[in-house]
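Structural features, examined
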Protein chains: 2
Amino acid sequence: MRIERLCVIGVGLIGGSFALKLKQLGLVDEIVGYGHRVENLEKAVALGVIDRYETDVTFAVKDADLVVLSVPLGAIGSLFAEIVPHLNPKTIVTDAGSAKDSVIKDIVEKLGDCPPNFVPGHPIAGREKSGVEAVEADLYQNHRVILTPTETTSESAVELVKSLWTSVGANVSLMAPAFHDEVFAATSHLPHMLAFALVDMLNEHAELGNVFQYTAGGFRDFTRIASSDATMWRDIALHNSTALVKWLNEYQAELKQLTQLIESKNGPALFTLFDQAKAARDQHILNRNTDI
Amino acid sequence: MRIERLCVIGVGLIGGSFALKLKQLGLVDEIVGYGHRVENLEKAVALGVIDRYETDVTFAVKDADLVVLSVPLGAIGSLFAEIVPHLNPKTIVTDAGSAKDSVIKDIVEKLGDCPPNFVPGHPIAGREKSGVEAVEADLYQNHRVILTPTETTSESAVELVKSLWTSVGANVSLMAPAFHDEVFAATSHLPHMLAFALVDMLNEHAELGNVFQYTAGGFRDFTRIASSDATMWRDIALHNSTALVKWLNEYQAELKQLTQLIESKNGPALFTLFDQAKAARDQHILNRNTDI
């Protein structure tokens, strides 16, 4: 496995960190970047994340062995449609979108089918930081990457993308797109909504004064994900809305039940709920050695 | 300000860290511990957290200048009633309960009034760890301690307790008990409920398999407070139920609104909500230098 030309569309934290590590490992000869802001692309060249850039996306993908679409969820489908006439037959394309069903549907809608050499992907390495300045070659070390091939996806394309992610240190899993969206709605998209909602609510209640001044480490950690990028999370909420709304409703039912336990002063049931939650977290999260 | 005899009732993380630091600073001559488990008290002596212990609480408080009640919320009122006949007129008593109105009401109910030398307190230094093994002399460094004197509380008693907390590194604020309970219901008790509820919900949904395996750093931080002690949080939920239920209901209204924005695919409103939350958090939490 060796990539002569890698094209990164959207040179930020996610695509940039992937490219930089591949280059450091000597697995790629040339990295071409594309993005809307020339200033950012020049910074990426200066930081050694890409070798050169193009300001026309149809030139950027020319003769690439692999194209990585690390752009907002809402832009993936139309970008794909734009580049498709300019791809070599051998070019493999992958993306880094946090929702997968909507990306695949968007591509099918625009192209009529999901091309065999498109490998839908989702690297799990969110940070509050974003942009090319935040690039870290070891970002994916011990992190998960999920690939969600469809029935039409080429197995060799999946193998190539999988081996590259493995090379940069990631632990790669395959999942059906819809299952991926359910799992990440529950474990990632929902918690982000909950954190944004809490900070928003407290921010709107002026009668308590600046309540943030009374918060400590627990609150800081709980709301860390509310410092994430608003554009990205708007896109995720819109593109994984079905699964996310389902889990938001499940969660509201859970909260209603918990509120009733408190109102009825049901100490034993509250203890059981808290104790089981603590036990589950301690078992699955606290005692885990890595971020995988 | 110098304490000849300090009595710590409940020698765990909270009372033990306070005592240890006062001793290291040379501000206290003798520390007497009391608790239910002799094994724990012996460990506290071995660790140098207390000088000696008593197994009868009425002996433990004898001739103490200051008694610290660092016991579960539900136990404070009855312990207070038990020790009151054995206190010197000069003895000052303070507690470390996370809710204040219910503690004060409980004491008034048992004693007929809230004694002038009782200073209700709440050190904001929660940890998932608890017990005397977790004691840290610098636990309160740059942390807040809230004191909630009532109309009958003696000013000199407040001054003494305040100066001791300040000595161990804490930043002390005074608040009305009911305002304290509102603020901490919103900023601490509510987030704990939200974290417990999320882990509980995911733990109950077996159809997703072990979803915890797909979580990353964001989830780990978001749910860190769900690894807190179940007994303590049952007591807080029961003892600050009115304010907590109020904020749980507010939060459910906020979630309902957010869910509607997602269902109606209102991208601009979602962006505004996330962006304002991020800005508020970045301003008040992320860019704060200390835990105060």
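Small disclaimer: the values here were computed from a predicted structure and weren't measured.

Moving on: the pattern of salt bridges. Residues and elements named next belong to chain A. Across all of its chains, the model carries 34 salt bridges over all chains by this definition. Ionic pairing is found between Asp65 and Lys90, a salt bridge with its closest N-O pair at 2.7 Å. One end of the pair, Asp65, is in the loop between helix H3 (57–60) and strand S4 (66–69); the other, Lys90, is in the loop between helix H4 (73–83) and strand S5 (92–95), and 25 residues separate them in sequence. Taking the relative accessible area as the measure of exposure, Asp65 reaches 14% and is therefore buried.

If you look at soluble globular proteins, the nonpolar side chains tend to sit buried side by side. By size, the foremost hydrophobic cluster in this structure holds 142 residues, and its most contacted members are A:Ile9 and B:Ile9. Contacts of B:Ile9, omitting those with residues within four sequence positions, involve B:Tyr34, B:Val57, B:Val61, B:Val67, B:Val68, B:Leu69, B:Ser70, B:Val71, B:Leu79 and B:Ile83.

Attention now moves to the state of the cysteines. Here a disulfide denotes one covalent bond, and it connects the sulfur atoms of two cysteines. All names here are of chain A. Under the defined criterion, the tally for this structure stands at zero disulfides over all chains. In this model Cys114 remains outside any disulfide bridge; the closest cysteine sulfur is found in Cys7, 18 Å from its own. Under the relative-accessibility criterion, Cys114 is labelled buried at 5%.

Summing up the model confidence of chain A, the mean pLDDT is 94 and the portion of residues at 70 or higher is 97%. The ipTM assigned to the predicted complex is 0.91, against a pTM of 0.91.

How big an interface is tends to be stated in terms of the accessible area lost upon association of its parts. Contact residues are listed per partner, giving 90 residues for chain A and 90 residues for chain B. Regarding the contact of chain A and chain B, the summed buried area is about 8300 Å², with carbon and sulfur atoms giving 67% of it. For the chain A face of the interface with chain B, the top three residues by lost area are A:Tyr214, A:Phe222 and A:Arg281, together amounting to 9%. Our count for the chain A to chain B interface comes out at two salt bridges. Here A:Asp221 makes a salt bridge to B:Arg224, at a shortest N to O gap of 2.5 Å. Our count for the contact surface shared by chain A and chain B stands at 26 residue pairs in polar contact (both at pLDDT 80 or more). For the side of chain A that touches chain B, the elements supplying multiple residues, two or more each, are strand S8 (144–147), helix H7 (177–204), helix H8 (217–222), helix H9 (230–239), helix H10 (241–263) and helix H11 (267–286) of chain A. With 20 residues, the top contributor of residues to the side of chain A that touches chain B is H7(A). Counted by class, the side of chain A that touches chain B contains 48 nonpolar, 20 polar and 22 charged residues.

When glycine is set aside, most residues are seen to have a negative phi, and most peptide bonds are trans. Residues and elements named next belong to chain B. A positive phi is found at Asp63, a non-glycine position, where the angle reads about 60°. Here Asp63 shows up in the loop between helix H3 (57–60) and strand S4 (66–69). Residue Lys265 is not a glycine yet carries a positive backbone phi of 50°. A relative accessible area of 48% places Lys265 in the partly exposed class.

Bringing the sheet that holds S8(A) into the picture now. All names here are of chain A. Across the sheet, three strands lie side by side as S7-S8-S9; this open sheet has mixed pairing. Edge positions in the sheet fall to strand S7 (121–123) and strand S9 (171–174), since each of these pairs with one other strand and no more. For this sheet, the mean angle separating the axes of adjacent strands, direction not counted, is 20°. Here four bridges tie S8 to S9, and the two strands are oriented parallel to one another. By the bridge assignment for S9, Val145 is matched with Val172. Where helix H6 (residues 155–167) meets the sheet, its contacts fall on S7, S8 and S9, and the angle it forms with S8 comes to roughly 175°.

Overlaying chain A on chain B yields an RMSD of 0.0 Å, the required transformation being a rotation through 180° with an accompanying axial translation of 0.0 Å. Between the two chains, the operation in question is that of a two-fold axis. Taking the C-alpha atom as reference, chain A places A:Phe222 closest to the rotation axis, 2.0 Å from it. Interface overlap between copies: 100% of the residues of chain A at the interface are likewise at the interface in chain B, consistent with a symmetric, same-surface contact.

Under the criterion given, the structure shown has 13 aromatic pairs over all chains. Note on A:Phe274 and B:Phe196: the rings are 4.5 Å apart at their centroids and 25° apart in plane angle, and the pair reads as stacked. Of this pair, A:Phe274 sits in helix H11 while B:Phe196 sits in helix H7 (residues 177–204), each in a different chain. In this structure A:Phe274 comes out as buried when scored by relative accessible area, which is 0%. Its relative accessible area of 0% is what places B:Phe196 among the buried residues. The interplanar angle of 80° and the centroid separation of 4.8 Å between the aromatic rings of B:Tyr140 and B:Trp165 together place this pair among those described as edge-to-face.

What counts, and where the lines are drawn
Residues numbered from 1 in each chain as written. Chains lettered and ligands numbered in written order. Predicted model: local features only at pLDDT ≥ 70, side-chain atom pairs only at ≥ 80, totals over all residues. Heavy atoms only, no water. Salt bridge = Lys/Arg side-chain N within 4 Å of Asp/Glu carboxyl O. Helix = DSSP H or I, 4+ residues; strand = E, 2+ residues; numbered from the N terminus. Buried < 20%, exposed > 50% of the residue type's maximum accessible area, 1.4 Å probe, protein only. Core = buried A, V, L, I, M, F, W, Y, C linked by side-chain atoms within 4.5 Å. Contact = heavy atoms within 4.5 Å. Disulfide = S-S within 2.5 Å. pLDDT = per-residue confidence, 0-100. Buried area = accessible area lost by both parts, 1.4 Å probe. Polar contact = N/O pair within 3.5 Å; in protein donor to acceptor, adjacent residues only side chain to side chain. Nonpolar A, V, L, I, M, F, W, Y, C, P; charged D, E, K, R; others polar. Pairing = 2+ DSSP bridges. Axes fitted to C-alpha atoms, helices over the stretch in contact; angles between N-to-C directions. Least-squares fit on C-alpha atoms with pLDDT ≥ 70 in both. Phe/Tyr/Trp six-rings, centres within 6.5 Å; stacked < 30°, edge-to-face > 60°.

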